[in-house]
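# Report on the structure
This is what each chain is made of:
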Amino acid sequence: MEKETLLLLQNAALKQIEEADNSEALNNVRNTFLSKKSELSSLMSQLGTLSSEQRKEYGQVINGVRVTITNAIEQKMALLKAKELEAKLARETIDITLPGKEGSVGARNPFYVIEEEMIEIFLGMGFEIADGPEVESDHYNFELMNIPKDHPSRDMQDTFYIDDNNLLRTHTSPVQARVMQAKKEGPIRVICPGKTYRRDDDDATHSHQFAQIEGLVVDKDINIGHLKATLELFVKKMFGEKREIRLRSSYFPFTEPSVEVDITCANCGGKGCSMCKGTGYIEILGAGMVHPNVLKMSGYDPEVYSGFAFGVGIERVAILRYGIDDIRKFYQNDVRFIRQFKKAS
Ligand code: PHE
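Given the structure is predicted, the values throughout are model-derived calculations rather than measurements.

## Thoughts on a negative patch on the surface
Negative charge collects at one region of the surface, where Asp 155, Asp 158, Asp 200, Asp 202 and Asp 203 lie side by side. Looking at the secondary structure, you find Asp 202 in the loop between β4 (188-197) and β5 (209-219).

## So, the packing of helix α1 (residues 3-19) against helix α3 (residues 39-46)
Look at α1 against α3: their axes get within 11 Å of each other, and the N-to-C directions meet at 155 degrees. Relative to α3, the element α1 is oriented roughly antiparallel. Crossing of α1 against α3: the hand is left-handed. Each of Thr 5, Leu 6 and Leu 9 in α1 lies in contact with α3, whose residues at this interface are Glu 39, Leu 40 and Leu 43.

## Considerations on the sheet that holds strand β6 (residues 245-252)
An order of β1-β4-β5-β9-β8-β7-β6 is seen for the 7 strands of this open sheet, with the pairing classed as mixed. Here the strands that pair on one side only, and so sit at the sheet edges, are β1 (128-129) and β6. Relative to strand β7 (residues 255-264), β6 is paired through 7 bridges, and the arrangement is antiparallel. The partner of Ser 250 across the bridge, within β7, is Ser 258. This element, helix α7 (residues 174-183), spans β4, β5, β8 (281-290) and β9 (306-313) of the sheet and lies at about 140 degrees to β4. With respect to the sheet, helix α8 (residues 224-239) is in contact with β6, β7, β8 and β9, its orientation differing from that of β8 by roughly 145 degrees.

## A few points about the site of the ligand
His 171, Ser 173, Arg 198, Gln 212 and Gly 311 are the nearest of the 14 residues found near the ligand. Contact distances for the ligand include 3.0 Å between a nitrogen atom and a side-chain N or O atom of His 171. Between the ligand and Ser 173, the relevant distance is 2.9 Å, taken from a nitrogen atom to a side-chain nitrogen or oxygen of the residue. In isolation the ligand offers 320 Å² of accessible surface; the protein chains occlude 92% of this area. With 3 residues, β9 is the single largest residue contributor to the shell around the ligand. Its residues assigned to classes, the shell around the ligand shows 5 nonpolar, 7 polar and 2 charged.

## What about the domain arrangement of the chain?
Along its sequence, the chain is carved into domain 1 (3-91) and domain 2 (112-339). Distance from the C-alpha centre of domain 1 to the C-alpha centre of domain 2: 93 Å.

## A few points about the packing of aromatic side chains
Across all of its chains, the model carries 11 aromatic pairs by this definition. Relative to Phe 127, the ring of Phe 122 has its centre 5.4 Å away and its plane inclined at 75 degrees; by these criteria the two rings are edge-to-face. The residues Phe 122 and Phe 127 share a single accessibility class, namely buried. Ring centres of Phe 308 and Phe 310 lie 6.5 Å apart, and the angle between their planes is 25 degrees; this geometry places the pair in the stacked category. Across this residue pair, the class does not change: Phe 308 and Phe 310 are buried. Connected via pairs of aromatic rings, a cluster forms that spans Phe 122, Phe 127, Phe 234, Phe 308 and Phe 310. One residue, Arg 178, lies across the ring of Tyr 140, its end atom 3.9 Å from the ring centre. Looking at Arg 246, its charged tip hangs above the ring of Tyr 281, at a distance of 4.0 Å from the centre.

Cut-offs used in this document
- Just so you know, the residues in each chain are numbered from 1, in the order the chain's sequence is written.
- Under the rules for a predicted model, residues below a pLDDT of 70 receive no local features and side-chain atom pairs below 80 are neither given nor counted, while totals for whole chains, interfaces and linings still include all residues.
- By convention in this description, side-chain values take in all heavy atoms of the structure and omit both hydrogens and water.
- What makes a patch is a set of residues exposed beyond 30% relative accessible area and free of salt bridges, joined within 9 Å when like-charged and within 5 Å when nonpolar (Val, Leu, Ile, Met, Phe, Trp, Tyr).
- Using the Shrake-Rupley algorithm and a 1.4 Å probe, accessible areas are obtained, with residue cover drawn only from the displayed protein chains.
- Counted as salt bridges are all cases of a side-chain nitrogen of Lys or Arg within 4 Å of a carboxyl oxygen of Asp or Glu.
- The sign given to each residue is positive for Lys and Arg and negative for Asp and Glu; His and the chain ends receive no count.
- Here the site of a charge means NZ on Lys, CZ on Arg, CG on Asp, or CD on Glu.
- Only DSSP runs of H or I reaching four residues or more are called helices, and only runs of E reaching two or more are called strands; each is numbered from the N terminus.
- Lines are fitted to the C-alpha atoms to define the axes, a helix being fitted only along its stretch in contact, and any angle between axes, read from their N-to-C directions, falls within 0 to 180 degrees.
- Angles below 35 degrees are treated as roughly parallel, those above 145 as roughly antiparallel, those between 65 and 115 as roughly perpendicular, and all remaining angles as oblique.
- Handedness of a helix crossing follows the sense of rotation of the near helix relative to the far helix, less than a right angle counterclockwise being left-handed and clockwise being right-handed.
- Residues count as neighbours in contact if any of their non-hydrogen atoms are within 4.5 Å of one another.
- The pairing criterion for strands is at least two bridges between them, as found by DSSP.
- Note on definitions. A residue lies near a molecule or strand when any single heavy atom of the residue is within 4 Å of it.
- What qualifies as a polar contact is a pair of N or O atoms within 3.5 Å, subject to a donor-acceptor requirement within protein and to the restriction that residues adjacent in sequence count only when both atoms come from side chains.
- Charged means Asp, Glu, Lys or Arg here, nonpolar means Ala, Val, Leu, Ile, Met, Phe, Trp, Tyr, Cys or Pro, and polar covers whatever is left, Gly included.
- What marks off one domain from the next here is an automatic or database domain assignment.
- Two rings from Phe, Tyr or Trp (for Trp, the six-membered ring) form a pair when their centres are within 6.5 Å of each other. A pair whose planes differ by under 30 degrees is stacked, one over 60 is edge-to-face, and the rest are tilted.
- Throughout, exposure labels follow a simple rule: accessible area from a 1.4 Å probe, protein chains only, divided by the maximum for the residue type, with under 20% read as buried, over 50% as exposed, and the rest as partly exposed.
- Two limits define a charge over a ring: the Lys NZ or Arg CZ must be within 6 Å of the ring centre, and within 35 degrees of the ring normal.

Encoded structure:
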């Protein structure tokens, strides 16, 4: 064993450490000179074959070489790691001046925009909100609304039957009976917004599912003037001060007298045009004075109480407000349709 050899080994190692320009290369150098299979290790294991004096002498030298190489590697490693980190940070710098990705915010279906607006108007007039089931009994949907089993007006309100006695309600009017029965006496002023169903073939003006807001006012001395004033205020708030309403005689089994309510045409202001088929008016809802039988059947004495009721289609109002040409669009979830109402919501 020559000290020369050991010094050569040390110099070779220091040279390679110096040359290593990344941590991986330096790790390889470490392997070459310090691993169990390295020359240094094999020299170390040969120490046992030497005399004790020589062993001491060479042992010190070998150890000195090992410490020198180890320290040199550690120093260089710290240097390389710092450089590599710096490079990595430089590489990963985020350019905060780049414009961000625009998030897409949806729009509310115009149906809900209008429903909310309608409800707000009625709440402002002092109405409370009442609720009733969509799966309704024949009894509430028809009988208590003064439409007995063989009544011809049932033909216009065919629906989806759950069984002989239960069906999807054809209008929100059964909530009238539910509210009166729950209250039993005293004044009532409620609206009932909700889904309604009819067995209709869907087309631009018909949908098997639609929605209404029912209104019911019951008190002593309620007359048709109250009905007209309420609806007039609603129409002016909904469609603008210039709109006028007209009550046209009609028929519903649960009101007497019954009226259809028209509003002046937005397009011609009442003069008559193609949109209103020359009449100057567009129909918007059905209403009337609550039929004495309806009051009586739900526990209100028609000799003491009178009331008015109305039922207005929510889609109908939205269609007239926005000029929408097809009721099905409310239900098709086509974002191209819905996005057009972004401002409105
Ligand atoms: N229920 C009627 C319909 O759906 C509307 C209406 C309600 C008419 C209340 C008069 C009174 O067509």
